[in-house]
Amino acid sequence: MATTVSSATSSSGIDVNSIVSQLMTVESQPLTLLNTEEASYQAKLSAYGSVKGALSNFQTTVSGLSDLSKFQAMNATSSDSTSVGATAAKNAAAGVYTVNVTQLAQAQTLAAVGQASSTNAIGTGAATTLTFDFGTIAGGTLGANGKYSGSTTFTSNGSGVKTVTLDTTNNSLQGIRDAINSAQIGVSATIVNDGSGTPYRLVLSSTSIGSSNSMKISVAGDATLQSLLTQDPASAVNQNFSETQTARNALFTVNGIAISKAANSASDVIQGVTLNLQKITAAPATLTVAQDTSTINSSVTAFVKAYNDLNSTLQNVSAYNATTKTGAVLQGDSAVRLIQSQVRASLNASVTTSGTLTNLSQIGVTFQKDGTLALDSTKLSAAISSNASGIAALFATVGNTTDSLVAYNAATSSTVSGSYAVNVSSVATQGSSTGSVNLNAGLTIAAGTTANVTLDGTSAAVALTAGSYTAAQLATMVQAAINGTAAFSALSSNVTVSINSTTGFMNILSNRYGSASNATLATTAGTNFMGVASSSAGTDVAGTIGGLAATGSGQFLTSTLGNSTGLKLQINGGATGARGTVSYSQGYAYTLNQLATTMLASGGMLDSTTTGINNNIKDIGTQRDALNIRLTAIQAAYVKQFTALDSLLSSMNSTSTYLTQALANLPKP
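Here goes a summary of the coordinates provided.

Thresholds, definitions, all that
- Residues numbered from 1 in each chain as written.
- Predicted model: local features only at pLDDT ≥ 70, side-chain atom pairs only at ≥ 80, totals over all residues.
- Heavy atoms only, no water.
- Helix = DSSP H or I, 4+ residues; strand = E, 2+ residues; numbered from the N terminus.
- Rg over C-alpha atoms; globule rule 2.2 N^0.38 Å.
- Buried < 20%, exposed > 50% of the residue type's maximum accessible area, 1.4 Å probe, protein only.
- Contact = heavy atoms within 4.5 Å.
- Areas by Shrake-Rupley, 256 points an atom, 1.4 Å probe, with all protein chains shown as cover.
- Lys, Arg positive; Asp, Glu negative; His and termini not counted.
- Charge placed at Lys NZ, Arg CZ, Asp CG, Glu CD.
- Expected span 1.5 Å × (residues − 1).
- Arc of directions from axis to C-beta.
- Polar contact = N/O pair within 3.5 Å; in protein donor to acceptor, adjacent residues only side chain to side chain.
- Axes fitted to C-alpha atoms, helices over the stretch in contact; angles between N-to-C directions.
- Parallel < 35°, antiparallel > 145°, perpendicular 65-115°, else oblique.
- Left-handed = near helix turned anticlockwise from the far one by under 90°.
- 1 Å grid on protein atoms, 1.4 Å probe; cavity = no way out; pocket = protein on both sides within 12 Å on 5 of 7 lines; lining within 4 Å.
- Points joined across faces, edges and corners; volume = space filled by probe spheres on them.
- Nonpolar A, V, L, I, M, F, W, Y, C, P; charged D, E, K, R; others polar.
- Pairing = 2+ DSSP bridges.
- Phe/Tyr/Trp six-rings, centres within 6.5 Å; stacked < 30°, edge-to-face > 60°.
- Lys NZ or Arg CZ within 6 Å of the ring centre and 35° of its normal.
- Salt bridge = Lys/Arg side-chain N within 4 Å of Asp/Glu carboxyl O.

A few points about the overall build of the chain
Check the secondary structure of the chain and you find eleven helices and 39 strands. Expected size for 669 residues packed as a compact globule is a radius of gyration near 26 Å; at 43 Å, the chain overshoots this value by more than 25%. Overall, the chain is about 165 × 70 × 55 Å in size when its C-alpha atoms are taken along their principal axes. Out of the 669 residues belonging to the chain, those deemed buried represent 39%. Of the contacts made within the chain by residues no fewer than 6 positions apart, 71% connect residues no fewer than 24 positions apart. As displayed, the chain offers around 31,700 Å² of accessible surface, 52% of which is attributable to carbon and sulfur atoms. Charge-centre separation for the chain: the mean point of 26 positive side chains lies 6 Å from the mean point of 26 negative side chains.

Observations concerning helix H6 (residues 334-348)
With 15 residues, H6 should cover 21 Å at 1.5 Å per step; its first-to-last C-alpha distance of 21 Å lies within 8% of that length. The complete set of buried residues in H6 reads Ala 335, Val 336, Ile 339, Gln 340, Val 343, Ser 346 and Leu 347. Each buried residue of H6 lies within a common arc of 140 degrees when the element is viewed along its axis, so the set occupies one face. Away from its buried face, by an angle of more than 90 degrees, H6 presents the exposed residues Ser 334 and Asn 348. Looking at the packing, one finds that the buried side of H6 touches helix H2 (29-65), helix H5 (293-318), strand E21 (365-367), strand E22 (373-375), helix H10 (588-600) and helix H11 (605-664). Capping the start of H6, Asp 333 holds a side-chain oxygen 3.0 Å from the backbone nitrogen of Ala 335, two or three residues further along.

Details of the environment of Ser 267
Secondary-structure assignment places Ser 267 in strand E16 (residues 265-270). Since its relative accessible area comes to 51%, Ser 267 is described here as exposed. Remark: the alpha-carbon pair of Ser 267 and Ile 620, spanning 353 residues in sequence, is separated by 68 Å. The contact partners of Ser 267, leaving out residues within four places of it in the chain, are Val 273 and Thr 274.

What to know about the packing of H5 against H6
Contact pair H5 / H6: the axes reach a minimum separation of 10 Å and the direction vectors enclose 155 degrees. When the axes of H5 and H6 are compared, the pair comes out roughly antiparallel. As H5 packs across H6, the resulting crossing turns out to be left-handed. Along the contact surface, H5 presents Phe 303, Tyr 307, Leu 310, Asn 311, Leu 314, Gln 315, Val 317 and Ser 318, while H6 presents Val 336, Ile 339, Gln 340, Val 343, Arg 344 and Leu 347.

A closer look at unusual backbone geometry
One non-glycine residue, Gln 184, lies in positive phi territory at about 50 degrees. Relative to the helices and strands, Gln 184 resides in the loop between helix H3 (173-183) and strand E10 (187-193). A positive phi angle, near 50 degrees, is found at Asn 255, a position not held by glycine. Take Asn 255: it is sitting in the loop between strand E14 (250-254) and strand E15 (257-261). For Asn 255, a relative accessible area of 43% translates into the label partly exposed.

A short note on the layout of surface pockets
Counted as a void, the largest pocket has a volume near 660 Å³. Around the largest pocket, the lining is made up of 24 residues, and of these Leu 68, Gln 72, Lys 90, Gly 399 and Asn 400 lie nearest the centre. The element contributing the most residues to the lining of the largest pocket is helix H7 (residues 377-395), with six residues. A breakdown of the residues in the lining of the largest pocket according to their chemical character gives eight nonpolar, 14 polar and two charged. Considering only enclosed or pocket space, the second largest pocket measures out at about 280 Å³ in volume. Lining of the second largest pocket is provided by 20 residues; of these, Asp 133, Phe 154, Ser 156, Val 161 and Lys 216 occupy positions nearest its centre.

Comments concerning the sheet that holds strand E26 (residues 430-434)
Spatially, the four strands line up as an open sheet ordered E31-E32-E26-E34, and their pairing is antiparallel. Of all strands in the sheet, those bounded by a partner on one side alone are strand E31 (495-499) and strand E34 (534-536). With direction set aside, neighbouring strand axes in the sheet form an average angle of 15 degrees. Judged from the five bridges that link them, E31 and strand E32 (residues 506-513) form a sheet pairing that is antiparallel. Counted as the bridge partner of Val 495 is Ser 510 from E32. Packed onto the sheet, helix H8 (residues 471-483) meets E31 and E32 and runs at close to 165 degrees relative to E31.

Observations concerning the environment of Thr 372
Following the sequence through the fold, Thr 372 ends up in the loop between E21 and E22. Contacts of Thr 372, omitting those with residues within four sequence positions, involve Tyr 307, Asn 308, Asn 311, Thr 366 and Phe 367. A polar contact of 2.7 Å, which involves the side chain of Thr 372, links it to the side chain of Asp 370.

Observations concerning the packing of aromatic side chains
If you walk through the whole model with that rule in mind, you get four aromatic pairs. For the pair Tyr 307 and Phe 367, a centre-to-centre distance of 5.7 Å together with 85 degrees between the ring planes defines the contact as edge-to-face. Of this pair, Tyr 307 sits in helix H5 while Phe 367 is found in strand E21, placing the two residues 60 residues apart along the sequence. Looking at Tyr 307, the relative accessible area reads 3%, which means it is buried. An aromatic cluster of at least three residues, connected via ring pairs, comprises Phe 71, Phe 303 and Phe 395. Sitting above the plane of the Phe 556 ring, Lys 568 keeps its charged end 4.7 Å from the centroid.

A short note on the sheet that holds E16
Pairing within the open sheet is antiparallel, and its three strands lie in the order E2-E17-E16. Looking at the sheet topology across the chains shown, the edges are occupied by strand E2 (84-88) and E16. Pairs of neighbouring strands in the sheet enclose a mean axial angle of 30 degrees, with direction left out of account. In this sheet, strand E17 (residues 273-277) lies alongside E2 in antiparallel orientation, the contact comprising five bridges. Pairing of Ala 86 across the sheet is with Leu 275, part of E17.

Overview of the pattern of salt bridges
Counted under the stated rule, the structure contains six salt bridges. Glu 38 is paired through a salt bridge with Arg 624; the nearest N and O atoms lie 2.6 Å apart. Linking Glu 38 in helix H2 with Arg 624 in helix H11, this pair joins segments that are 586 residues apart in sequence. Overall, the relative accessible area of 17% leaves Arg 624 in the buried class. Its salt-bridge partner being Asp 456, residue Arg 512 comes within 3.7 Å of it at the nearest N-O pair. Of this pair, Arg 512 sits in strand E32 while Asp 456 sits in the loop between strand E28 (450-455) and strand E29 (458-463), and the two are 56 residues apart along the sequence. Judged by its relative accessible area of 32%, Arg 512 is partly exposed.

The quantities given are spatial measurements derived from coordinates; they are silent on function.
Structure, rendered in structure tokens:
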């Protein structure tokens with residue numbers, strides 16, 4: 001509150017302003033005490049803010065380290081990275097591999113006969129349909145003119161035909177190019193000027209590489225466009241394009257094993273490794289797949305730094321300076337002491353794992369006299385070399401199973417570390433449907449054939465591509481048609497279609513497991529290739545974990561009772577009955593992350609403390625407002641009193657002056 005008194009002229013000589021100001025200074029002392037108390041609370045609030053920030057940063061680090069993948073990173077190093085590059089996932093199979101690339105995959109390119117103009121109309125403009133099919137060219141000989149001769153065959157890859165329509169609006173070379181590109185059918189069209197008398201040549205390239213993506217083009221409509229654009233490599237008279245680049249697979253060997261792939265990237269050759277073929281190798285490249293020890297080292301180093309940063313903040317806000325004999329704002333604070341003691345207790349405790357590493361000192365992390373953590377890099381490196389998986393279990397949440405077809409998937413905060421027996425009473429199955437028509441002799445699908453397909457509970461009409469197919473080609477086409485239907489792909493539902501080599505019956509299998517899995521197909525128009533189909537829905541896995549009943553959903557078995565509550569396993573097939581054990585452990589990072597979560601939670605220790613401080617600050621504000629009102633009234637009273645005194649003294653002074661003058665004017669004796 002301001003205690004300055006309004007300026008007034010004193011008639012008696014009394015300094016009313018000064019007297020009132022001094023009196024108000026005394027009266028305002030409670031206000032000064034409130035301000036001092038508030039400043040103290042604000043300082044504590046700021047200090048707690050620093051503690052919360054430091055604890056939050058610490059939690060961010062340990063939360064990341066509680067993820068097992070931080071300790072499972074693998075490296076793939078190539079001796080010739082310009083020819084063979086590679087990346088490794090956490091499940092990569094460690095080893096040394098020799099890779100020799102003899103051919104890269106490439107797409108087919110076709111060039112049409114040159115035209116004098118790229119803008120003049122070609123043909124009459126009659127409605128014309130270009131039909132593109134994609135497949136494999138085999139047999140015969142490709143001549144220097146880019147044409148095939150001999151016993152050449154074209155086999156569709158079953159991905160379905162694509163069409164482009166031409167008319168008077170787009171029957172120029174440029175119009176044809178733009179129509180093909182706009183249709184987005186897997187073909188890229190350009191026009192190349194070769195400098196001849198008829199220089200403009202339409203060039204078509206498949207956007208998919210690999211030998212199974214060569215083009216066959218059928219043309220129905222205008223005769224001139226037919227003679228320009230028809231391309232059938234199996235017909236000597238219907239090859240109007242020249243093949244300037246042949247569709248090829250990548251050919252390479254891994255440890256001497258010959259491999260052919262339709263792409264220059266392969267992720268299914270070496271477990272967990274993606275190979276990127278970039279050029280033919282001059283000499284075999286050596287690929288070394290090994291654990292990424294640098295990631296483990298940096299993770300442990302980050303853990304030590306995160307703790308030391310937190311410890312530094314806690315010490316700074318609670319320290320006592322013996323030299324100045326002053327304590328920090330939170331010296332002796334119970335909340336700070338509790339944080340320090342609980343975090344240190346967690347770090348000093350041993351963790352229960354299935355391995356030999358149970359405490360931090362075994363990997364070179366130890367407490368120093370000043371309360372900080374120190375890292376012995378030599379000891380850590382030795383531990384990484386000898387027991388990297390043990391270090392992972394020391395920090396992260398880990399589930400190890402003794403059965404290779406039983407995989408740990410997840411756990412919750414309710415799951416207790418321990419070893420639990422797994423027993424499977426039934427494995428999960430997939431929904432399927434099997435036809436009754438023998439397709440081993442092949443089949444012709446009539447134009448307009450459609451099918452009603454129900455997949456994993458969703459139904460949709462599926463259009464099938466007309467044509468003559470072998471049994472295998474038919475399965476490929478039907479699978480592509482179903483999996484390419486938007487209603488299914490949007491839900492990540494897909495199928496695998498196969499033919500029983502003995503009966504010739506088609507089988508449609510949902511790729512999902514469990515009671516939500518089903519797959520049925522019935523043709524509603526055109527050719528019926530399923531006959532009277534038999535269908536079966538999928539079933540969920542069933543069994544126990546730790547001797548107690550668990551809940552099955554697809555291939556996932558989740559414990560809902562006992563110490564294993566929340567433990568989730570994936571049962572990837574196998575026999576029924578006892579399936580070994582799963583050992584679950586919670587490392588330091590997991591424990592500390594849970595501890596930090598509790599400390600930072602709404603209504604938790606820090607939140608309650610800061611809420612109390614804010615309430616005190618609010619209460620001080622209320623007291624200050626009341627005191628200011630009271631001081632204003634007191635000041636007004638003082639001003640009124642001393643102003644009245646001033647007037648009284650002024651009146652008395654006037655009387656004194658009058659009497660003095662009157663006495664002075666009396667006649668002298």
